[in-house]
Amino acid sequence: MKTKVKPTFASTAIHGGKGNKDQYGAHTSPIYQTSTFVFDDVESGAKAFRHEEGGASHVYSRLGNPTVEELERTICALETYHLDNSEQYMGMAFGSGMAAISTGIISFAYGGHIIAQNDLYGCTSQFLKEEAPGMGMTVSFTDTSDIRNIEKLLEEHPNTKLIYLESIANPTLRISDIKAIAQLAESYNAMLMVDNTFATPYHIQPLELGADIVVHSTTKYLGGHGTLIGGAMVAKKEVFEEANTFLFRKNLGGIAGPMDAWLTTNGIKTLSIRMKQHNENAMKVAEWLESHPKVDRVFYPGLSSHPQHELAKELMKNGFGGMITFELTGGFNAGVSLMNSVELCTLAVSLGAVDTLIQHPASMTHSIVDEEIKKAAGITDGLVRLSVGIEGVEDVIADLEQALENA
């Protein structure tokens, strides 16, 4: 009798979300590009609307779609890869990362307090600062890399429902101790929600560390090619049910479209091999930047100079990712000059694509963030965010070298 061996992470990324065999035997799962589905009869349709057994499996693509569901199974399989009770979890796909983030925050924190990391993706920070208070939530921002800050706020706000952070902070690359924060959150009856976009489940699986909810912008590394917009969320089924997250997604209309879901599923198939090259290239670029006279400081988890390097080694088992930030000695003007001088590197927001993307947070993504929050988070005028691609690393370095002459 053969012993069944669990597939590797790489194999799970390729096969983990597949459902029933396509009726025509298609090798690649088809795109169900349809808005609605046909019922066999009135009874099956009626049961479907009442969520009763024997009802039609699909009704309307805003509620569910076979292509979207394959993506949901795939992401869930990766985020729960090391969990023994993975069958208790499920994924939900959204039309964008912000749709996943905002729907999650609303459903899990409504009527309560949120403790949020102070260096977050600009739109997340803006949503928490400007929109959440008008939706019945209060928010405190803090440096979550120091767990004492979180504990202090939990004591001050006993109605805290949610702690929100990023596994690797955008754009400072600060790392928080997810495991310790999860234990602290549980002791105060709060939930921990982690945006795992920068790390991906290839590097960190927050659910394994005790987080309650994981969100992603699938636009980035999971899709991997800059061709789609999408988001995802993974949690225990009962967590979604208790928070009515399904209802929020249905009524807010945030589900992923079938084409973007299909592109994301196919992007995930090469996640492991892409991340290996991102890791290798980023380490070489980070080491080169550290020696450059116009670079004041480099933030990369794989460097011993990173403030949380030891924690990064503990959390990140397969490398340190493809994201680098660095501070230019020349400040804001140097950042703008560098952006205008790159040739191979692509001047664009977003990240996680196969080509190298560069941007200047102070003048671009984080120009919308409250000045006090930016200052507290360490988002300086000379900070540059670099998403290192999988090109020949010598070409990336050569481009940065010529561009830095003008910085």
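Quantities reported herein were computed from a predicted structural model and do not represent experimental measurements.

### Considering the pattern of salt bridges
Using the criterion set out here, one finds 9 salt bridges in the structure. Glu 52 is the partner of Arg 50 in a salt bridge, and the nearest nitrogen-oxygen pair spans 2.8 Å. With a relative accessible area of 36%, Glu 52 lands in the partly exposed category. What emerges from the salt-bridge pattern is a single network uniting Asp 119, Asp 143 and Arg 174.

### Considerations on the packing of helix H6 (residues 147-156) against helix H7 (residues 178-187)
At their nearest, the axes of H6 and H7 sit 11 Å apart, and the two run at 15° to each other. Taken together, the axes of H6 and H7 lie roughly parallel to each other. Of the two possible hands of crossing, H6 and H7 adopt the one that is right-handed. Across from Ile 147, Ile 150, Glu 151 and Leu 154 in H6, the residues of H7 making contact are Ala 180, Ile 181 and Leu 184. For the contact of H6 with H7, the per-class residue count stands at 6 nonpolar, no polar and 1 charged.

### Let's talk about the sheet that holds strand E2 (residues 113-117)
Pairing between the strands of a sheet is mediated by backbone hydrogen bonds and can be parallel or antiparallel. Spatially, 7 strands are ordered E1-E7-E6-E5-E4-E2-E3 in an open sheet, and the strand pairing comes out mixed. At either margin of the open sheet sits one strand with a lone partner, and together these are strand E1 (89-94) and strand E3 (138-142). Between one strand axis and the next, the sheet turns by 20° as a mean value, whatever way the strands run. As judged from the 5 bridges shared by strand E6 (residues 213-217) and strand E7 (residues 231-236), these two strands associate in the antiparallel manner. Looking at the pairing, Val 215 lines up with Met 233 of E7. Lying over the sheet, H7 contacts strand E4 (160-166) and strand E5 (191-195), oriented at roughly 150° with respect to E5.

### A short note on the pairing of E4
Most of E4 is tucked away: 6 of the 7 residues are buried. Where E4 meets E5, 5 bridges bridge the pair, whose relative direction is parallel. Note on E5: the bridge partner recorded for Leu 162 is Met 191.

### Some remarks on the packing of aromatic side chains
For any pair of aromatic rings, the description consists of the separation of the ring centres together with the inter-plane angle of the planes. Summed over the entire model, instances satisfying the criterion amount to 5 aromatic pairs. Ring geometry for Phe 9 against Tyr 81: centres 5.7 Å apart, planes inclined by 80°, an arrangement best described as edge-to-face. One end of the pair, Phe 9, is in helix H1 (residues 9-15); the other, Tyr 81, is in the loop between helix H3 (66-79) and E1, with 72 residues separating them in the sequence. We note that Phe 9, like Tyr 81, is buried. Put simply, the rings of Phe 9, Tyr 81 and Tyr 202 pair up and form one aromatic cluster. The lysine or arginine in question, Lys 220, covers the ring of Tyr 121, its NZ or CZ lying 5.8 Å from the ring centre.

### Section: the nonpolar core
When a protein is soluble and globular, its nonpolar side chains tend to lie buried together. The biggest cluster of nonpolar side chains holds 84 residues, and the ones touching the most others in it are Leu 192, Val 285, Leu 289, Ile 324, Phe 326 and Leu 338. Ignoring any residue separated from it by four or fewer positions in sequence, one finds Leu 338 in contact with Phe 326, Leu 328, Ile 358, Val 384, Ala 403, Leu 404 and Ala 407. Core analysis: the second largest hydrophobic core is formed by 26 residues, Ile 114, Ala 132, Val 215 and Ala 235 among them.

### Observations regarding the side chain of Ser 387
Along the chain, the position of Ser 387 falls in strand E12 (residues 383-387). A distance of 2.9 Å separates the side chain of Ser 387 from the backbone nitrogen of Gly 352, its partner in a polar contact.

### Topic: the environment of Thr 80
By the element assignment, Thr 80 lies in the loop between H3 and E1. Residue Thr 80 is classed as buried on the basis of its relative accessible area of 3%. A sequence separation of 121 residues divides Thr 80 from Pro 201, and the C-alpha atoms of the two residues are 8.7 Å apart. Setting aside anything within four residues of it in sequence, one finds Thr 80 in contact with Ser 86, Tyr 89, Leu 207 and Val 234. There is a polar contact of 2.6 Å between the side chain of Thr 80 and the backbone oxygen of Cys 76.

### Re the layout of surface pockets
Its volume calculated, the largest pocket comes out at about 1,000 Å³. As for the largest pocket, its lining consists of 36 residues, and the residues nearest its centre are Leu 63, Gly 64, Glu 69, Phe 246 and Arg 249. When residues of the lining of the largest pocket are assigned to their parent elements, the largest contribution, 6 residues, is made by H3. Partitioning the lining of the largest pocket into residue classes produces 16 nonpolar, 9 polar and 11 charged.

### Considerations on the sheet that holds E12
Spatially, 5 strands are ordered E8-E9-E12-E11-E10 in an open sheet, and the strand pairing comes out mixed. Here the strands that pair on one side only, and so sit at the sheet edges, are strand E8 (295-299) and strand E10 (346-347). Relative to E12, strand E11 (residues 357-359) runs antiparallel, the two sharing 3 bridges. Paired with Ile 358 across the two strands is Leu 386, which belongs to E12. The strands touched by helix H14 (residues 331-341) are strand E9 (323-328), E10, E11 and E12; relative to E9, the strand with the most contacts, the crossing angle is about 130°.

### A closer look at the packing of helix H4 (residues 97-109) against helix H5 (residues 122-131)
Running from N to C, H4 and H5 cross one another at 30°; their axes reach a closest spacing of 11 Å. On the basis of their axis angle, the class for H4 and H5 is roughly parallel. H4 and H5 meet at a crossing whose hand is right-handed. Contacts from Met 98, Ile 101, Ser 102, Ile 105 and Ile 106 in H4 reach Cys 123, Thr 124, Phe 127 and Leu 128 in H5.

Here is what the cut-offs are and how they apply
Per chain, the residues get numbers from 1 upward, laid out in the order the sequence is written. Given that this is a predicted model, residues contribute local features only at a pLDDT of at least 70 and side-chain atom pairs are listed and counted only at 80 or more, while totals for whole chains, interfaces and linings are drawn from all residues. Remark: hydrogens and water are excluded; side-chain values derive from all non-hydrogen atoms of the structure. For this document, the term salt bridge refers to a Lys or Arg side-chain nitrogen within 4 Å of an Asp or Glu carboxyl oxygen. Exposure is judged per residue with a 1.4 Å probe applied to protein chains only, and the accessible area is read against the type maximum: over 50% gives exposed, under 20% gives buried, and values in between give partly exposed. In this analysis an axis means a line fitted to C-alpha atoms, helices contributing only their contacting stretch, and an angle means the value between N-to-C directions, from 0 to 180 degrees. Comment: elements are numbered from the N terminus, with helices defined as DSSP H or I runs of at least four residues and strands as E runs of at least two. Small angles under 35 degrees read as roughly parallel and large ones over 145 as roughly antiparallel, with 65 to 115 read as roughly perpendicular and the rest as oblique. For a crossing to be left-handed, the near helix must be turned anticlockwise from the far one by less than a right angle; the clockwise case is right-handed. Residues are treated as being in contact if the distance between any of their heavy atoms lies within 4.5 Å. Each residue receives one of three labels: charged for Asp, Glu, Lys and Arg, nonpolar for Ala, Val, Leu, Ile, Met, Phe, Trp, Tyr, Cys and Pro, and polar for the others, Gly being one of them. Each pair of strands is called paired provided DSSP finds at least two bridges between the two strands. Stacked, tilted and edge-to-face are the three classes assigned to paired rings of Phe, Tyr and Trp, where Trp is represented by its six-membered ring and a pair needs centres within 6.5 Å; plane angles under 30 degrees give stacked, over 60 edge-to-face, the rest tilted. Here, a charge over a ring is recorded when the distance from Lys NZ or Arg CZ to the ring centre is within 6 Å and its angle to the ring normal is within 35 degrees. By nonpolar core we mean a set of buried residues, namely Ala, Val, Leu, Ile, Met, Phe, Trp, Tyr and Cys, connected to one another through side-chain atoms within 4.5 Å. N or O atoms closer than or at 3.5 Å make up a polar contact, with two conditions inside protein: a donor-capable atom paired with an acceptor-capable one, and, for residues adjacent in sequence, both atoms drawn from side chains. Think of a 1 Å grid over the protein atoms and nothing else: a 1.4 Å probe that fits but is trapped marks a cavity, an open set flanked by protein within 12 Å on at least five of seven lines marks a pocket, and residues with an atom within 4 Å of a point count as lining. Grid points are joined across faces, edges and corners, and a volume is the space filled by probe spheres set on the points.

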